[in-house]
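# An overview of the molecular structure
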Amino acid sequence: MTDMVRFSFALNARMQAFIDVRDALACLDTARRCDGAYAWVQAACDLRASLLGDLGRKAALPEIVAILAEMQDQLARLANDHPELCASIRQASNRLGQHMQCLQGGLAEAQRHLAEDALLAAYANAQKKQDLLGHQRCLPQSLDVLWRQQRRRIEQVHDALLPLRQAVQDMDAMLNDYVQWRARTAQEGSDKITPDRQRRYGLLVVGLSPEQVSTGLIPDMSGNHLAIRVRFQRWPALEPAREVGEDVDYHYMLVPVAG
């Protein structure tokens, strides 16, 4: 099921911090490849808020280190239960340990770039004032020139973020491979998942086929580690979202990490 479109839903604040950083890094890389100035600045400011603990967010770096440590504990238990996989599990655990060492030292250079850069600071202030395009900061008039003349800034930020990017990518792959998919049907587009209360779960991943998503099918998830509501909506082009009235077959996994 490698072609499954995956939708993540955090069941606690720690996992939400991880997802925020993961998505911001992905958007940052996409904007850099596509030469999208506004998209890059937006993603950089979102990542800035996570790493610096701004806009009501808790600083994400300690939360990510804690998730790495918990995954190491999970892998140790898995190795005891499956000695035939011990060698590969040990390699994965060692890789997490290396990431933890890099991140525990902090990302001083990356955080300094994100905190002190004049363009990012101006855009972050514009967001706080609900000026999402930065009209008052003259960003629409100046951004294109600043972006093309100061590309060294982008490369420095990306280089400084490399240890975080590698740690998050490895961790995200493990979270999505740690447990198996389960098949389920949402009756008339609505479903309720009740996790086992004897285990602590930190993440729900819902999987849909690309064909389903291409029709505008999107899951809306709410709840916590006690009960999760999944309601499917249809997002048609140029039309309002509407609730799905038919049965929807989907897959899901509950990940017992960061509980």
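Refer to the structure presented above.
A brief structural summary. (Residues numbered from 1 in each chain as written. Predicted model: local features only at pLDDT ≥ 70, side-chain atom pairs only at ≥ 80, totals over all residues. Heavy atoms only, no water.)

The next point concerns the sheet that holds strand S8 (residues 248-255). Spatial strand order, S1-S4-S8-S2: four strands in an open sheet with antiparallel pairing. Edge strands, defined here as strands with exactly one partner in the open sheet, are strand S1 (5-10) and strand S2 (182-186). Ignoring which end each strand starts from, the neighbouring axes of this sheet average 35 degrees apart. By the bridge criterion, six bridges tie S1 to strand S4 (residues 203-208) in an arrangement that is antiparallel. Following the sheet pairing, Ala 10 is matched in S4 by Leu 203. Taken strand by strand, helix H1 (residues 13-34) contacts S1 and S4, and its axis lies near 140 degrees from that of S1. Together, S1, S4 and S8 form the strand contacts of helix H9 (residues 162-177), whose direction differs from that of S8 by roughly 115 degrees. (Pairing = 2+ DSSP bridges. Helix = DSSP H or I, 4+ residues; strand = E, 2+ residues; numbered from the N terminus. Axes fitted to C-alpha atoms, helices over the stretch in contact; angles between N-to-C directions. Contact = heavy atoms within 4.5 Å.)

The next point concerns helix H5 (residues 108-116). Each turn of an α-helix holds 3.6 residues, which means side chains three or four residues apart point in the same direction. Those residues of H5 not exposed but buried are Ala 110, His 113 and Leu 114. In an axial view of H5, the angular spread of the buried residues amounts to 90 degrees, which keeps them on one side of the axis. Across from the buried face of H5, at angles greater than 90 degrees, the exposed residues are Ala 108 and Glu 116. (Buried < 20%, exposed > 50% of the residue type's maximum accessible area, 1.4 Å probe, protein only. Arc of directions from axis to C-beta.)

On the surface, Arg 77, Arg 182, Arg 199 and Arg 200 cluster together into a positively charged patch. Within the secondary structure, Arg 200 sits in the loop between strand S3 (190-193) and S4. (Patch = residues over 30% accessible without salt bridge, like charges linked within 9 Å, V, L, I, M, F, W, Y side chains within 5 Å. Areas by Shrake-Rupley, 256 points an atom, 1.4 Å probe, with all protein chains shown as cover. Salt bridge = Lys/Arg side-chain N within 4 Å of Asp/Glu carboxyl O. Lys, Arg positive; Asp, Glu negative; His and termini not counted. Charge placed at Lys NZ, Arg CZ, Asp CG, Glu CD.)

This paragraph deals with the layout of surface pockets. Rolled over the atoms, a probe with the dimensions of a water molecule shows which regions are left empty. Computed from the structure, the largest pocket encloses a volume of approximately 360 Å³. Top element by residues in the lining of the largest pocket is helix H3 (residues 60-81). It accounts for six residues. Here the lining of the largest pocket is built from residues that sort into ten nonpolar, two polar and four charged. (1 Å grid on protein atoms, 1.4 Å probe; cavity = no way out; pocket = protein on both sides within 12 Å on 5 of 7 lines; lining within 4 Å. Points joined across faces, edges and corners; volume = space filled by probe spheres on them. Nonpolar A, V, L, I, M, F, W, Y, C, P; charged D, E, K, R; others polar.)

Time to look at H9. Under the 1.5 Å per step criterion, the end-to-end length of H9 is 23 Å for 16 residues, consistent within 8% with the ideal 22 Å. The set of residues buried in H9 consists of Leu 164, Arg 165, Ala 167, Val 168, Met 171, Asp 172, Met 174, Leu 175 and Asn 176. (Expected span 1.5 Å × (residues − 1).)

Our focus in this paragraph is empty space enclosed by the protein. Applying the stated criterion across every chain yields a total of one cavity of 30 Å³ or more. The wall of the largest cavity is formed by Cys 45, Arg 48, Ala 49, Asp 54, Leu 55, Ala 124 and Gln 127. Broken down by secondary-structure element, the contributors of at least two residues to the lining of the largest cavity are helix H2 (37-52) and helix H6 (118-128). It is H2 that provides the largest number of residues to the lining of the largest cavity, a total of three residues.

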